[in-house]
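For reference, the chains in residue letters:
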Amino acid sequence: MPLLQPAGRPGIARRLASMCYESLLVLALLAVLFLLPHIILGAFARRPASPALMWAHCFLVLLIYFVWFWLHGGQTLAMKTWRIRLVGVDGMPIRPAQALLRYLLCWPGILLILLGVGILWAVLDRDGQFLHDRLSGTRLILA
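As the structure is a computational prediction, the values presented were derived from the model and not from experiment.

A. Helix 2 (residues 51-71), seen in detail. Taking 1.5 Å of rise per residue, the 21 residues of helix 2 would be expected to cover 30 Å, and the 30 Å separating its terminal C-alpha atoms lies within 8% of that figure. Those residues of helix 2 lying buried are Cys 58, Val 61, Leu 62, Leu 63, Tyr 65, Phe 66, Val 67, Phe 69 and Trp 70. Immediately beyond the C-terminal end of helix 2, within one or two residues, lies Gly 73, with a positive phi of roughly 110 degrees.

B. Summary view of the pairing of strand 3 (residues 84-88). With four of five residues buried, strand 3 is to be regarded as a mostly interior element. Two strands pair when backbone bridges link them, and strand 3 and strand 4 (residues 138-142) are joined in this way by five bridges, in the antiparallel orientation. Along strand 4, the bridge assignment pairs Gly 88 with Thr 138.

C. Representation of the nonpolar core in the model. Counting residues in hydrophobic clusters, the biggest one holds 20 residues, and the most contacted among them are Leu 30, Leu 62, Phe 66, Trp 70 and Tyr 103. Listing elements by their share of this core, those giving two or more residues are helix 1 (12-45), helix 2, strand 3 and helix 4 (96-112). Non-local contacts of Leu 30, meaning those with residues more than four positions away in its chain, are made with Leu 35, Cys 58, Val 61 and Leu 62.

D. Representation of the pattern of salt bridges. On inspection of all chains with the given rule, the structure shows five salt bridges. With its nearest N and O atoms 2.5 Å apart, the salt bridge here joins Arg 102 to Asp 133. Residue Arg 102 is found in helix 4, and its partner Asp 133 is found in helix 6 (residues 131-136); the two are separated by 31 residues along the sequence. When sorted by exposure, Arg 102 lands in the same class as Asp 133, which is buried. Taking the shortest distance from any N to any O, the salt bridge between Asp 127 and Arg 126 comes out at 3.9 Å. The exposure class of Asp 127 is partly exposed, given its relative accessible area of 27%.

Rules behind the numbers
Residues numbered from 1 in each chain as written. Predicted model: local features only at pLDDT ≥ 70, side-chain atom pairs only at ≥ 80, totals over all residues. Heavy atoms only, no water. Helix = DSSP H or I, 4+ residues; strand = E, 2+ residues; numbered from the N terminus. Expected span 1.5 Å × (residues − 1). Buried < 20%, exposed > 50% of the residue type's maximum accessible area, 1.4 Å probe, protein only. Pairing = 2+ DSSP bridges. Core = buried A, V, L, I, M, F, W, Y, C linked by side-chain atoms within 4.5 Å. Contact = heavy atoms within 4.5 Å. Salt bridge = Lys/Arg side-chain N within 4 Å of Asp/Glu carboxyl O.

Structure follows, in structure tokens:
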């Protein structure tokens, strides 16, 4: 399977490799910015944080990570490594509303990726886009 598709679009294999690498980076980020504060606060409070607070904290940490990188150059650390850039459908840098919408729409796609729905959409889409890119008006290009 070629990693390069027509018109400078990254192939599905490159995007999946980038997602795997991104998961390693995100796990390290969460270990520092998520687990450490909860362990320290739990030691002082002598009880763990509520599950709702932990999910909200995780959601917020990841939101800041992804939206900041997408708005400042269109690439997360993994996307830089795999030479993938996020742009609007017009090829211009994305707007803050697009970045936020893409992040919010990524969650169902990521959760459904276990069932293969997220990948299946990209395979069947005429432009090879993930559903969250199609709906947020963004696309991935080769950097």
